[in-house]
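# Structural characterization, general
Below, each chain spelled out in residue letters.
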Amino acid sequence: MKGIAKRIIPCLDVKNGETVKGTHFVNLRSAGDPVGLGQLYSNAGADELVFLDITASVEGRKTFTEMVSRVASTINIPFTVGGGINELSDVDRLLNAGADKISINSAALLHPMLIDEITHYYGSQVCVCAIDARPDIDGWHCYLKGGRERTERNLFDWAKEVADRGAGEILFTSMEHDGVKHGFANEALAHLADIVDIPIIASGGAGKMEHFRDVFTLGKADAALAASVFHFGEIKIPDLKQYLLQEGINVRPTV
Amino acid sequence: MEIAIVKYNAGNIYSVVNALRRLEIEPLLTDNPDLLAQADKVIFPGQGNAGEAMAYLRKHHLDQVIRELRQPVLGICVGQQLLCRHSEEGDTDCLGIFDVDVKRFHPKRHEDKVPAVGWQEIRTNDNVLFKHVPEHVYTYFVHSYYVPLCASTIAEADYIVPYSACLHKDNYYTCQFHPEKSGKTGEQILQNFLSL
């Protein structure tokens, strides 16, 4: 038997309870509904789902939490939620709504102790630490607020710190690769895999099926996350799983 | 058919409730010994610390209740581990239905990550729990402790060491993985349990 499979994770951006991007599914009644879209991906063989709340308002938070409850009652694979998680009470609210894991980003950079608190109360397996970074002249820097604000933290130092603080997984987005569809940041990913002992989810750069093979072999990633290639139907998950199996990668076949 | 879920201080119980509702069953979540004893089937879920869970069960006299159940029982994750004799987690004496001790994973290589989180291939036997389930299939696990292979093993997995993915003895069935999060395969296994 083959141990833990590499995971394929579609990411859904949610604003005011509706998915953003997703034009491929316009002919479906559930087009804008994240729950319906999540169900489609689950049926297609996605191993896990990520829902990111990109709403800024308090009212939007309530809508998002209600959506998380609906996902939990509908979908039978694990899912992670992120966006706007600033304190323990946000984590509590989303886990109570039925999320399996939560993803924190800016709040962890601003208040690293939040990672310790989450893992203390809920276990390390619920805590995904998202890191957005890009290489500058003096090395890889972590960025805040969806990439809008640079920090002085080095990617690799920060990755080690979040692992030491007990985070269960790292979701690393290479800002340079994101949206370009030329492949994942395999060199940085492989280095991350070497220096921390928690799973790495690779994000940013998926354009072709070969990119997924490379991120698992060259990039040593445990999971690969993508949005638009799935939303626009450029890559279909059953085809991708079939391809990766042929390439000798341990993935869960689409049932 | 009345399906009772043992209510105690273990996390993640609502994901089991949700899974049963998807199968159009409204379970009874209870720690009442009489209601548990009367149910047609009992699900014993769990996620969290085995030592704290056993202490809670003893304090509320649920340990004796669970041992005396005669209807089909399904232990999930920590629920499975608590049905064994002893757990390394907190050096805890457990319920002793299965004559085997729960061990902690010790990584052998840098790639071995604990807790083990994700989809693992399992190999099932011809137990009724796996009706319409392929011999080789993937299910979703979250665990740092495991049950070694033993006489009650009905499905095996292999992560760091070969271990028991499922056990069966008399009226007790267990899964180390989370059937409620294991897609269609998990749903089929739950359905098979409900059909016992």
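Residues numbered from 1 in each chain as written. Chains lettered and ligands numbered in written order. Predicted model: local features only at pLDDT ≥ 70, side-chain atom pairs only at ≥ 80, totals over all residues. Heavy atoms only, no water.

### Regarding the pattern of salt bridges
All names here are of chain A. Taken as a whole, this structure holds 27 salt bridges over all chains when the rule is applied. In this structure, D33 engages R70 in a salt bridge whose closest nitrogen and oxygen atoms are separated by 3.5 Å. Linking D33 in the loop between β2 (18-20) and α1 (34-44) with R70 in helix α2 (residues 58-74), this pair joins segments that are 37 residues apart in sequence. (Salt bridge = Lys/Arg side-chain N within 4 Å of Asp/Glu carboxyl O. Helix = DSSP H or I, 4+ residues; strand = E, 2+ residues; numbered from the N terminus.)

### Considerations on the sheet that holds strand β3 (residues 41-44) of chain B
All names here are of chain B. One open sheet accounts for 9 strands, arranged β2-β1-β3-β4-β13-β12-β11-β8-β9; its pairing is mixed. If you trace the sheet from one side to the other, it starts and ends with β2 (28-30) and β9 (136-143), each paired once. Neighbour-to-neighbour, the strand axes of this sheet turn through a mean angle of 30 degrees, independent of strand direction. Pairing between strand β11 (residues 153-159) and strand β12 (residues 161-169): 6 bridges, direction antiparallel. Following the sheet pairing, Y159 is matched in β12 by V161. Along the sheet face, helix α1 (residues 13-22) touches β1 (3-6), β2, β3 and β4 (73-76) and points at about 170 degrees away from the line of β1. (Pairing = 2+ DSSP bridges. Axes fitted to C-alpha atoms, helices over the stretch in contact; angles between N-to-C directions. Contact = heavy atoms within 4.5 Å.)

### Description of the interface of chain B and chain A
Taken together, the 28 residues of chain B in the interface contact 33 residues of chain A. Taking both partners together, chain B and chain A bury about 2,600 Å²; carbon and sulfur atoms supply 55% of that area. Inspection of the chain B/chain A interface yields 2 salt bridges. Two residues, B:K113 and A:D222, come together in a salt bridge whose shortest N-O distance is 2.9 Å. The interface formed by chain B and chain A includes 16 residue pairs in polar contact (both at pLDDT 80 or more). Among the elements that line the side of chain B that touches chain A, the one with the most residues is strand β8 (residues 116-124) of chain B, at 8 residues. Considering only residue class, the side of chain B that touches chain A consists of 10 nonpolar, 8 polar and 10 charged. (Buried area = accessible area lost by both parts, 1.4 Å probe. Polar contact = N/O pair within 3.5 Å; in protein donor to acceptor, adjacent residues only side chain to side chain. Nonpolar A, V, L, I, M, F, W, Y, C, P; charged D, E, K, R; others polar.)

### So, the UniProt feature "active site" (unreviewed entry) in chain A
Residues and elements named next belong to chain A. The UniProt feature table records "active site" (unreviewed entry) at D13 and D132. Structurally, D13 is set in strand β1 (residues 7-15). Residue D13 is classed as buried on the basis of its relative accessible area of 18%. With respect to the secondary-structure elements, D132 resides in strand β6 (residues 127-136). For D132, a relative accessible area of 12% corresponds to the buried category. Beyond its immediate stretch of four places on either side in the chain, D132 contacts N105, H141, C142, Y143, G146, G147, T173 and M175. (UniProt positions renumbered as here; feature names shortened; annotations may be inferred. Buried < 20%, exposed > 50% of the residue type's maximum accessible area, 1.4 Å probe, protein only.)

### Brief notes about the environment of A:R213
Residues and elements named next belong to chain A. Tracing the backbone through its elements, the reader meets R213 in helix α8 (residues 209-217). On the accessibility criterion, R213 (25% relative accessible area) is partly exposed. The spacing of R213 and V180 is 33 residues in sequence and 17 Å in space, taken between C-alpha atoms. Not counting the four nearest positions on each side in its chain, R213 is found in contact with Y243, L244, E247 and I249.

### What about the packing of helix α6 (residues 155-164) of chain A against helix α7 (residues 186-195) of chain A?
Residue and element names in this part refer to chain A. It is at 10 Å that the axes of α6 and α7 come closest, and there the two elements cross at 35 degrees. α7 is crossed by α6, and the crossing has right-handed handedness. Listed contacts from α7 to L155, F156, A159 and K160 of α6 are A188, H191, L192 and I195. Residues that form the contact of α6 with α7 fall into these classes: 6 nonpolar, 1 polar and 1 charged. (Left-handed = near helix turned anticlockwise from the far one by under 90°.)

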